[in-house]
Amino acid sequence: MISPFDRRRWTLLPLRLAAGAGFLIHGLAKYQRGPEKFAKLLQFVGTPFPLPTAWMVTLLEIGGGLALITGAFVSLVALPLIVAMVVATFTVNGRYGFSAVNTIGLTLKGPLFGPPGYEINLVYIAALIALALSGPTALSVDDWWSRRR
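> I'm lost on the pattern of salt bridges in this one. Help?
For the structure shown, the criterion picks out three salt bridges. Here Arg 9 ties to Asp 143 by a salt bridge, and the two come within 2.1 Å at their closest N and O atoms. Of this pair, Arg 9 sits in helix H1 (residues 7-10) while Asp 143 sits in helix H7 (residues 141-148), and the two are 134 residues apart along the sequence. Just as Arg 9 is buried, Asp 143 falls in that class too. The closest approach of N and O atoms between Glu 61 and Lys 30, which form a salt bridge, is 2.9 Å. Within this pair, whereas Glu 61 is found in helix H4 (residues 50-70), its partner Lys 30 is found in helix H2 (residues 13-33), the two being separated by 31 residues in sequence. Each member of the pair, Glu 61 as well as Lys 30, is classed as buried. What you see here is one network of salt bridges that share partners, running through Arg 9, Asp 143 and Arg 147.

Set out below in structure tokens:
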């Protein structure tokens, strides 16, 4: 039995919170703009059923982000989030190279950025794999639930 004060339990907490916040914020942005706009992007890259897919991804990111933040069902929710990141890499971000920040010019107001590459997708995938394999972390529903059993 690991002590609640064992630092190993706390190691991945910042990663879980950051990844969760990232997914939640991206999902909320899609929802606020309207999944219909995201569906247009999906249609452009040839995704079948773009509107239902847009809704599914939007809700997955919101729900998955909340699950990660609260530490609930982390191993379970990691898989569909990883799939979403892999699909995004091959359909959207992969064509722009690795770098998440592509500077394509300079204006009087500062640098002009192009579309992001797949770097961030890989970071999210790595974070999700680490979280799924690590077991419950501190301050998580999963940890609370495992202690009650």
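Don't stop here, the text continues.
> Whenever I open this one, helix H3 (residues 35-44) confuses me. Can you help?
Among the residues of H3, Pro 35, Phe 38, Ala 39 and Leu 42 are the ones counted as buried. The arc that holds the buried residues of H3, viewed along the axis, is 105°, so those residues lie on one side. Relative to its buried face, H3 has exposed residues pointing more than 90 degrees away, namely Lys 37, Lys 40, Gln 43 and Phe 44. Its buried side turned inward, H3 meets H2 and H4. Residue Gly 46 follows H3 closely and has a positive phi angle near 90°.

> Teacher, can you tell me more about the side chain of Arg 16 here?
With respect to the element layout, Arg 16 can be found in helix H2. Among buried Asp, Glu, Lys and Arg side chains, Arg 16 stands out as unpaired, with Asp 142 the closest opposite charge at 7.4 Å. For Arg 16, the side chain forms a polar contact with the main-chain oxygen of Ile 69, separated by 3.0 Å. A distance of 3.1 Å separates the side chain of Arg 16 from the backbone oxygen of Leu 139, its partner in a polar contact. Once residues lying within four places of it in the same chain are set aside, the contact partners of Arg 16 are Leu 68, Ile 69, Thr 70, Gly 71, Val 74, Leu 131, Thr 137, Ala 138, Leu 139 and Ser 140.

Definitions and cut-offs
- Residues numbered from 1 in each chain as written.
- Predicted model: local features only at pLDDT ≥ 70, side-chain atom pairs only at ≥ 80, totals over all residues.
- Heavy atoms only, no water.
- Salt bridge = Lys/Arg side-chain N within 4 Å of Asp/Glu carboxyl O.
- Helix = DSSP H or I, 4+ residues; strand = E, 2+ residues; numbered from the N terminus.
- Buried < 20%, exposed > 50% of the residue type's maximum accessible area, 1.4 Å probe, protein only.
- Arc of directions from axis to C-beta.
- Contact = heavy atoms within 4.5 Å.
- Lys, Arg positive; Asp, Glu negative; His and termini not counted.
- Polar contact = N/O pair within 3.5 Å; in protein donor to acceptor, adjacent residues only side chain to side chain.

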